[in-house]
Amino acid sequence: MTKIRRCSLVICITAIIICCSHGEKSYTKRDDITPLQRKLVYEEYHNEVEAWLNKQQTEMEKSVFISYDAQGNNPYPSMAYTYPDFMKALKSMSVDGVGNNEMFFYIGQTDNKGLVHGLVNIAAFLAHAMALPSIKYDLCDEHNSDTTDNTGKYATANACGQYGRSYQEEVCTGKDATMTCNVYSNAVMTAVDSLPGTKTPPPLQCKPKTSPTEFTGYYDSKLGTLSEEFPYSNRYGSTHVEGCCFWGRGVLLTKGVCNIGKLNFYLGRIGAEEKGYTNFFDIDICVYPEVICEGEDTRLLRWMAGMFEWLDRVQSYNQGGFNYMNDLSTFVNSGFIDANRFIDIVEKALPFDCYELTCSKEEERVKSERRDNFINIVFNVLKLPGSLADENTSTNALMPEPQVENAIIEQSVSTTIQTPLPTNPPIKPILLPLDNEKKEEPIVQQVEPVSLSSPPPPPPLTIMQQWPTKTDLSSNSNSDSQNDQSSNKQIEDTLIPLKSGSSLSATWFGMVAVCVVGSMIVI
């Protein structure tokens, strides 16, 4: 009888252990998950992100998807970049991904960290896009913007590369070498758009030489005329446009034979034919790159081209002590502190690759606007730190915005579609002039977490307890640093009982009841 009771006890304990371990597995990232199961899980993540963004759609359309004229005035809703097109592309790139379901635009799904991490990545992406001429000037094509001698003359050969670059020579290396686009000297292409306004350079163009001695000239912005009487080189030294068809296109102005080649490999016909990829367009982007801007699928391609470059170059960035994904997690877990350090990683991942004074000034402009845009989107548009209230709380009753050291955060106001657009472009809508900024040591912004009620605010890490689901999985990521793992483990220990309590506790007590009854029967 004693042996029977011992056996019954062992079976009971084993059953409880199996039950508990089964419950924990449901909260971890499984390596044996099928592509269909993973897609269903990623769709759940996307639905959460979509619901949050839809609540802020009016503010996003008022602040993010806005274009200006050539002088940066007269704002109007962008026609080339719209919220519905962005959302379609986001779902495609975050749920289906590219390749054999191996690369995804990050919305918190790939490491189970959830909504807030995904929204911060979206904010960084849009902040950079807004600082480029694409959304700002409603352009899909790169426009002629580099004056070789700073006299208002724009080289026709800028189609080959601006600010000292040569796009057709920027080939892929290493394992990606085979993805480089071939350069076709007989290709003929003209950009579908250029900088709006009078006395602005015409669209970029590529075409073959009619003779070995043929050359290109320049556009004189002061006179508004095109001069082809004498050779006029771009900053790199080119005086022709033969094979120069790889200028920037799409929301991030993806350019060069390598970047466009990789885009073609994963989202164009090459990936579909050679690898059997499921998320692709039946086009050869290398042969005709302008299809991004004038093709049948341009409204999605212009977004997806930028999202691909972002996931390929920014999300994977890990150099010089900077790791984009780890730093994103640190930025969120610390309570949104040191925004400049995090967003400046984009400058390292997507460098201008130039050293001339003119280019450096342009790079500084983009850097400054990117910083301002990021803070504005995180705090005022998406309202991340200030929206920790219950999901049913009215957006008109949000908590006050947190204060940022050395910065001015504009108070968010409930708006409608009829709200007038800003009268000036968002050159510096948030930060005060950074005159005391040192190049090697950017200004650090300190963000105080927002308290939700009269009790004192929780420590920074427990800020995550108020977010929608899936944040408890953050300790499963293998990409975080040791500090992040420790922090995320603390979050996970706190959150798992909250999420698994109902189903897990019911099973637990059921097993205990069975064991007790079984023991009594045996006795």
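This structure is a prediction, so every number in the text was calculated from the model and none was measured.

Now, about helix H2 (residues 35-55): what can you tell me, with residues and values included?
For H2, with 21 residues, the first-to-last C-alpha span of 30 Å sits near the 30 Å given by 1.5 Å per residue. Those residues of H2 that sit buried are Tyr42, Tyr45, His46, Val49, Trp52 and Leu53. Taken down its axis, H2 places every buried residue within 115° of arc, on the same side. Against the buried residues of H2 lie helix H3 (57-63), helix H4 (83-96) and helix H5 (115-131).

Tell me about the state of the cysteines, and name the residues and values.
Across all of its chains, the model carries five disulfides by this definition. Between Cys172 and Cys258 runs a disulfide, and the two sulfur atoms are separated by 2.1 Å. Judged by the torsion about the S-S bond (105°), the Cys172/Cys258 disulfide is right-handed. Note that Cys172 is positioned in the loop between strand E3 (153-155) and strand E4 (189-190) and Cys258 in helix H7 (residues 257-267), a separation of 86 residues in sequence. A relative accessible area of 14% places Cys258 in the buried class. Disulfide partner of Cys181: Cys286, at an S-S distance of 1.9 Å.

Which residues make up unusual backbone geometry, and what values go with them?
Note: most residues except glycine have negative phi, and most peptide bonds are trans. The phi torsion at Tyr163 lies on the positive side, around 55°, for a residue other than glycine. Here Tyr163 falls in the buried class, since its relative accessible area comes to 12%. Phi is positive for Phe336, close to 65°, though the residue is something other than glycine. If you trace the backbone, Phe336 turns up in the loop between helix H11 (324-333) and helix H12 (339-343). Accessibility expressed as a relative area gives 1% for Phe336, which makes it buried.

How would you summarise the sheet that holds strand E6 (residues 218-220) if you had to cite specific residues and measurements?
Read from one edge to the other, the open sheet built from three strands follows the order E3-E6-E7, with strand pairing classed as antiparallel. Lying at the two open borders of the sheet, with one neighbouring strand each, are E3 and strand E7 (225-227). Neighbour to neighbour, the strand axes of the sheet diverge by 25° on average, direction disregarded. In this structure, E3 lies alongside E6, joined through three bridges in antiparallel fashion. Note on E6: the bridge partner recorded for Tyr154 is Tyr219.

Conventions adopted
Residues numbered from 1 in each chain as written. Predicted model: local features only at pLDDT ≥ 70, side-chain atom pairs only at ≥ 80, totals over all residues. Heavy atoms only, no water. Helix = DSSP H or I, 4+ residues; strand = E, 2+ residues; numbered from the N terminus. Expected span 1.5 Å × (residues − 1). Buried < 20%, exposed > 50% of the residue type's maximum accessible area, 1.4 Å probe, protein only. Arc of directions from axis to C-beta. Contact = heavy atoms within 4.5 Å. Disulfide = S-S within 2.5 Å. Pairing = 2+ DSSP bridges. Axes fitted to C-alpha atoms, helices over the stretch in contact; angles between N-to-C directions.

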